[in-house]
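This is what each chain is made of:
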Amino acid sequence: MPGHHPKALKIGLLAALVAAIAATTWVAAWYARQRALEQLSVQALDQLQIRALALQRLVDRYRVLPTVLALDPELRHALSSPASTADIAVLNRKLTQANGATHVSTLTLIDRRGVAIAASNWDTPSSNVGLDYTFRPYFQEAMQQGRGTFYGIGISTNLPGYFIAEALSDDRGQRVGVIVIKIPLDTLEQEWVSSGDTVLLSDVHGVVFLSNQRAWIYRPLQPLDPSARATLAQTRQYGNNLLPPTAVRLSSELGSNGRLVQVDRPGMPHEVVWQSMQLPTQQWTLHLLRDAHPATTAAYRAGFFTLSIWLLLILLALFVQQRVRTAQLHKRSRHDLERLISHYASALRSEEDSLVHAALQAMAGHPEMLDRLPQGVSVIDAQLRLVAWNARYTELLGYPETLLKPGQPVEELFRYNAKRGLLGPGDLEETIQRRLNYLRRGSPHMVERERPDGSLLEIRGRPLPGGGFVTSYADIALYREAARELRTLTNTLEHRIEESTQDLRSAKAEAERANRNKTRYVAAAVHDLLQPLNAARLFAGSLKKTDTETAMVERIERSLQALDSQLTSMLDLARLDAGAITPDLKTFALSPLLQELAGQFGILTQAKGLRLSFVNTSAWIRSNPVLLQRTVQNFLSNALHYTPHGRILLGCRRNGSTLRIEVWDTGIGIPEDRRDIIFQEFRRLDTTVDADERSAGLGLSIVERIANLLGHTLQVRSWPGQGSMFGISVELAQPALATPTDHDDGSDDSLLKNRTIWLIQENAHLRQKAAALLQSWECKVSEWTKADEALATAESLAAPDLILVDGQWEPILALLQLEQDGHRPPIIAFLGKDEAGLRNALLQAGVHTTNLPLSPARLRAMMTQLLLTEPARAS
């Protein structure tokens, strides 16, 4: 049984290793998930603060209106004494006019009995006039306390809204009635639709009455007690629209008073982070439900990262083990070789001693002693005469029997060999005398000589005591061949060992590089993604403490735009690495693509004090226009970032069957030892140029992957302190046939020239850029920060041919009311990429939209198309 112990030990160690890997992976994944959940909870709370601020602003906008109307003498007089039919008609028109100016849902005047005597909707089928509102809490609170609020469904319109009521008093201070306004909150729902989160607003009973998900509206967050049900029934707050209560299972408590829950009713596919915020003024509660799936993804990534670390450690251990085994093998081989040499040397000394002894016996008259030796042997005396030899000697050297006889001078044997050509080239006499002199000196020697018959003789000579010489001849051809094969085998084994070692080194280096890249990727991604988010949070906090809201909002937009750019680059990089992008190669003219990029970056370079030169081209190429545009755009973006002064050049250069698109700049340049790393992820030059607006270092990584995907070649040349050139070579193609719809830019310019354009944009920096672009098209531009300012001066200005405005619902609704001479100018709204809900609502209202950041080519095309259908106006 002792033989089983090593095997059992190995199994135990392997099990312990597997357990350690599983435990550390689980701990890393659990920690990453908890950390991600905590971050989601904090982010949800920040979002709630923003949503609560927007809600409070909407309510505060109309809060003072009932108070102002309560001071109206006509309304007070109508409630203090019986009003005639004419008086009621006047009141109805007055409330209708006030409602049109304030854009609330309805305005209603209620007497002290709770009956509506006038309303802004008096002429509609759902008129409030004549209805009894004594059961409404806002009427009861206003008559008792002077002011009342309430959210519920209208009993005549059957539409929900927020009611604000103010009591009216007569000259003696007695409350004689109530003026009520109804505010629709559906604009908040439209804003919440663009969010990826579920947003809920519940009342004091926990009933959700506002949400961006229809399944939640009028659903209690917990079962209602009989008292709450009775109150809701009495006030007819939600009519008969109440849904079954939610079913929620708590998974864990999170920081910032957040919770991780699983919502069973209404069903949600994943666990969510639930964060709530009290609104004490209205006694409401705002809730935000954020999908917790990103935390699960973070757990998977942490587990994968931990497994990668374990893989690296295992590879390192295998490498060390292989090195130790190789060292032990070399040591054992060296020991065996030394032992073999020692044994061979001992055998050689013994053989030489036996040879000398046999030679002395032969000279003493016993030549038969030489026949016992395996090698050929000859013995000569001091006078260089042959004394004795054996048969093997005759066989190896091929002497005739008549030549070999006792007393034969060795010189005759040399001459016989010379005749056979065995002494080599040169003077024969000189060669013979040299060999005789060597024997006379009596020096030991050992030589190897290859004979014409292919045999290889090892010749060893040794002087004898008292004079004379004994020489042995051995054919070592087979031994030498065996030694050669042994050396070949040894070299092969050593080569294989070295290859295995090199493979392990390469695997270790690759694993280390992958780990470094992953570590750098995670660290840089977390650092770069958190910077704009933290900046946005700090700026948002400043909104509560300072009056410079416009500047703070602008900086928030810049921070979030930087985050959007980084996330987009990371997404593109992941899609390229995963092979999710399949290029669709097309033949197209290159000029429009480069003109659009030159237009976009012309404004940016001008704002930075640089000059962009563009050399147009008539070439047609074969590539993917979208991916190629992204590549050249990254070239221009890098040139803009790293060129503090000077100019940037965009142009092309033909080279045989290819065309190289080049971007030159006069920037800081790239050192020779840094040019290999600029295409690696998250690697940027160590420079303070544009330090506030630097990218994540993914642009050139994306460029390299796109070039490989399209089969294009990249070129980089740079001179530190003078500038750089980035280029990409594409395949030239034959021009396609022109279509009848092709036209030049002259028609576009003629349509835009001298047109009156209103530009309404809060961001001063973006507004200046857009104004410069419009003026370059010879448009007449009028600029405003807000729509209210434009409308206030509308009567004193020429009517606009077209309006460009920020994508906000309320200012656009006000602009839609603008009409002069029966004409309403077309409107283009600037929207972000993720505002799908607002985009749909604007399109239904007849407003055209375009995405930020602005594309000059797209904006000009859209303006031209709209102006084609509009008559030109006189200036």
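Structure: see above.
Model, not experiment: these values are computed from the prediction. (Residues numbered from 1 in each chain as written. Predicted model: local features only at pLDDT ≥ 70, side-chain atom pairs only at ≥ 80, totals over all residues. Heavy atoms only, no water.)

Chemist: Help me understand the pattern of salt bridges, please; the structure alone is not making it clear to me.
Modeler: As a working rule, side chains carrying opposite charge can pair if their charged atoms are close by. With the rule as written, the count across this model stands at 21 salt bridges. Here the salt bridges share partners, and the residues they tie into one network are Asp72, Glu74 and Lys94. (Salt bridge = Lys/Arg side-chain N within 4 Å of Asp/Glu carboxyl O.)

Chemist: Honestly, the nonpolar core in this entry has me stumped. Any pointers?
Modeler: By size, the foremost hydrophobic cluster in this structure holds 50 residues, and its most contacted members are Leu109, Leu185, Leu201 and Trp284. The dominant element in this core, judged by the number of residues it contributes, is helix α1 (residues 5–70), at 10 residues. Those residues in contact with Leu201 that sit more than four places away from it in its chain are Leu55, Trp192, Val207, Val208, Phe209, Leu210, Leu279, Trp284, Thr285 and Leu286. Core analysis: the second largest hydrophobic core is formed by 32 residues, Leu597, Leu612, Ile648 and Phe679 among them. (Core = buried A, V, L, I, M, F, W, Y, C linked by side-chain atoms within 4.5 Å. Buried < 20%, exposed > 50% of the residue type's maximum accessible area, 1.4 Å probe, protein only. Helix = DSSP H or I, 4+ residues; strand = E, 2+ residues; numbered from the N terminus. Contact = heavy atoms within 4.5 Å.)

Chemist: For this particular structure, what's the right way to read unusual backbone geometry?
Modeler: Of all residues except glycine, most have a negative phi; of all peptide bonds, most are trans. Here the amide bond leading from Arg265 into Pro266 is cis, since omega sits at -10°, within 30 degrees of zero. Residue position: Pro266 is located in the loop between β10 (259–265) and β11 (272–279). For Arg236, which is not glycine, the phi torsion reads 50° and is therefore positive. Among the secondary structure elements, Arg236 is positioned in the loop between α6 (226–235) and β9 (247–253). Overall, Arg236 belongs to the partly exposed group, its relative accessible area being 43%. Even without a glycine there, the phi angle at Leu384 is positive, about 60°. The residue Leu384 is located in the loop between β13 (376–380) and β14 (386–389) in this model. Overall, Leu384 belongs to the buried group, its relative accessible area being 10%.

Chemist: Just to check I follow, could you spell out the sheet that holds β10 for this structure?
Modeler: In a beta sheet, neighbouring strands pair by backbone hydrogen bonds and run either parallel or antiparallel. Taken in spatial order, the 7 strands line up as β8-β7-β6-β12-β11-β10-β9 in an open sheet, and their pairing is antiparallel. The open sheet terminates on both sides in strands that have one partner only, identified here as β8 (219–220) and β9. In terms of strand pairing, β10 meets β11 through 3 bridges, oriented antiparallel. Within the sheet, the bridge partner assigned to Val261 lies in β11 and is Val272. Those strands touched by α1 are β6 (198–202), β10, β11 and β12 (284–291), and its axis lies near 35° from that of β11. (Pairing = 2+ DSSP bridges. Axes fitted to C-alpha atoms, helices over the stretch in contact; angles between N-to-C directions.)

Chemist: Explain the pairing of strand β7 (residues 207–211) here, please?
Modeler: Sheet faces and side chains relate simply in a regular strand, where the side chains alternate between the two faces. Taken across its 5 residues, β7 has 5 buried, putting it largely inside the fold. In this sheet, β7 lies alongside β6 in antiparallel orientation, the contact comprising 3 bridges. Of the residues in β7, the one forming a bridge with Leu200 is Ser211. Between the end of β6 and the start of β7, which pair antiparallel, lie 4 residues, with Gly206 showing a positive phi angle near 85°. Here β7 runs beside β8; their pairing, made up of 2 bridges, is antiparallel. Bridging from a neighbouring strand, Val207 pairs with Pro220 of β8.

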